[in-house]
Amino acid sequence: MSTLVYVIRCVLQLLVTWLGIRIIGKKSIAQMTGYELSGILLLSTVAAEPLVYKIASNAAIGVVTLAVATLLIGKLSLKDKFYNVDSKPSIVVANGSLIKSELKKNQMNVSFLLSLLRLKGYSKLSDVEFAIIEPNGNLSVIPKSQERPVKPKDIRISTPYEGLSLPLIVDGKVIQENLVYAKLDRGWLTDQLASAGFQEEKDVLLAELDSQGNLSVFRENESDDSPKIV
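Residues numbered from 1 in each chain as written. Predicted model: local features only at pLDDT ≥ 70, side-chain atom pairs only at ≥ 80, totals over all residues. Heavy atoms only, no water.

Caption draft 1: Main features of the nonpolar core. Leu168, Ile169, Leu189, Leu193, Val204, Leu215 and Val217 are the most contacted members of the largest nonpolar core, which has 14 residues in total. With near-sequence residues (within four places) excluded, leucine 168 lies in contact with Lys173, Val174, Ile175, Asn178, Leu179, Trp188, Leu189, Ala207, Glu208, Leu209 and Leu215. By size, the runner-up hydrophobic cluster in this structure holds 13 residues, among which are Val93, Leu103, Leu113 and Leu139. (Core = buried A, V, L, I, M, F, W, Y, C linked by side-chain atoms within 4.5 Å. Buried < 20%, exposed > 50% of the residue type's maximum accessible area, 1.4 Å probe, protein only. Contact = heavy atoms within 4.5 Å.)

Caption draft 2: Seen up close, the packing of helix α1 (residues 2-24) against helix α3 (residues 59-76). At their nearest, the axes of α1 and α3 sit 8 Å apart, and the two run at 10° to each other. Taken as axis vectors, α1 and α3 run roughly parallel relative to one another. Residue-level inspection shows Gln13, Val16, Thr17, Leu19, Gly20, Ile23 and Ile24 of α1 in contact with α3, the latter providing Ala59, Ala60, Val63, Val64, Ala67, Val68, Thr70 and Leu71. When grouped by side-chain class, the residues that make up the contact of α1 with α3 number 11 nonpolar, 4 polar and no charged. (Axes fitted to C-alpha atoms, helices over the stretch in contact; angles between N-to-C directions. Helix = DSSP H or I, 4+ residues; strand = E, 2+ residues; numbered from the N terminus. Parallel < 35°, antiparallel > 145°, perpendicular 65-115°, else oblique. Nonpolar A, V, L, I, M, F, W, Y, C, P; charged D, E, K, R; others polar.)

Caption draft 3: Looking closely at unusual backbone geometry. Residues other than glycine seldom take positive phi values, yet arginine 156 does so here, at roughly 60°. Position of arginine 156 among the secondary structure elements: in the loop between β4 (139-143) and β5 (166-170). In this structure, lysine 183 is a non-glycine residue whose phi angle is positive, near 60°. Structurally, the position occupied by lysine 183 is in the loop between α6 (176-181) and α7 (186-195). Take lysine 183: its relative accessible area is 78%, and that puts it in the exposed class.

Caption draft 4: Looking closely at the sheet that holds β4. On the basis of which strands lie adjacent, the open sheet formed by 4 strands has the order β2-β1-β3-β4 and antiparallel pairing. Every interior strand has two partners, whereas the edge strands, β2 (97-98) and β4, have only one. Both strand β3 (residues 128-133) and β4 contribute to a ladder of 5 bridges, which runs antiparallel. Directly across from isoleucine 132, in β4, lies its bridge partner serine 140. (Pairing = 2+ DSSP bridges.)

Caption draft 5: The pairing of strand β8 (residues 215-219), seen in detail. Examined bridge by bridge, strand β7 (residues 204-209) and β8 share 5 bridges and lie antiparallel to one another. Looking at β8, one finds that alanine 207 is bridged to valine 217. The turn linking β7 back onto β8 is made up of 5 residues, and glycine 213 within it adopts a positive phi angle of 90°.

Caption draft 6: Spotlight on the packing of aromatic side chains. Considering all chains together, one arrives at 0 aromatic pairs under this definition. A cation over an aromatic ring shows up here: arginine 219 above the ring of phenylalanine 198, its NZ or CZ 4.2 Å from the ring centre. (Phe/Tyr/Trp six-rings, centres within 6.5 Å; stacked < 30°, edge-to-face > 60°. Lys NZ or Arg CZ within 6 Å of the ring centre and 35° of its normal.)

Caption draft 7: Spatial organisation of helix α5 (residues 110-119). Restricting attention to buried positions, one finds in α5 the residues Leu113, Leu116 and Leu117. Along the long axis of α5, the arc covered by the buried residues comes to 100°, so they all point the same way. Exposed side chains of α5 directed beyond 90 degrees from the buried face belong to Ser111, Arg118 and Leu119. Looking at the packing, one finds that the buried side of α5 touches β1 (90-94), β2, α4 (100-105), β3 and β4. Where α5 starts, the residue carrying a side-chain oxygen 3.3 Å from the main-chain nitrogen of serine 111 turns out to be asparagine 109. (Arc of directions from axis to C-beta. Polar contact = N/O pair within 3.5 Å; in protein donor to acceptor, adjacent residues only side chain to side chain.)

Given below as structure tokens:
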């Protein structure tokens, strides 16, 4: 009986912790600010109390309180008076020159900065115009104009509009909301599937519509993974 109670307690605390993290927001750890990471660490500690000490506690209240407090700090950071509530961006390379004082302030040496630049695709510091350490710790790099990748507009090539592809069928189920958004109906979809050799919607693993009106259809359990485009 005690084992069942403990299992139930684990599941409940998982749900409570999940709720708290969802309140804080949809960010990976690498994207979190300092106050968000602090909230997550405290939240996990409070949520684990009933599992470690096996006693009833106000863990659920604590988790929600921490999550809401972290959320409120995030809301405050949107106000102009609190823009830098966590920290300011630090410019460590400006106009192609290293700013040693900013490196020291961020406890970063030159070798580590060079390794971060290599991860961004820049093997030489001389290729970089600006490098900025963002409040969440990520490094943003602005290369010199001659080192930037060529864009179609640089060589005056016009390109067609590319929007998001809309999944119309996923795992054999029609996404009706996307059909409505694309101003299409089930009759049109059925005709398209038939022309691609599909008798029923349940045979379709994925069907997605691109911005040019092309429908790509993938068959369920198909040995050939190439899509049928109609």
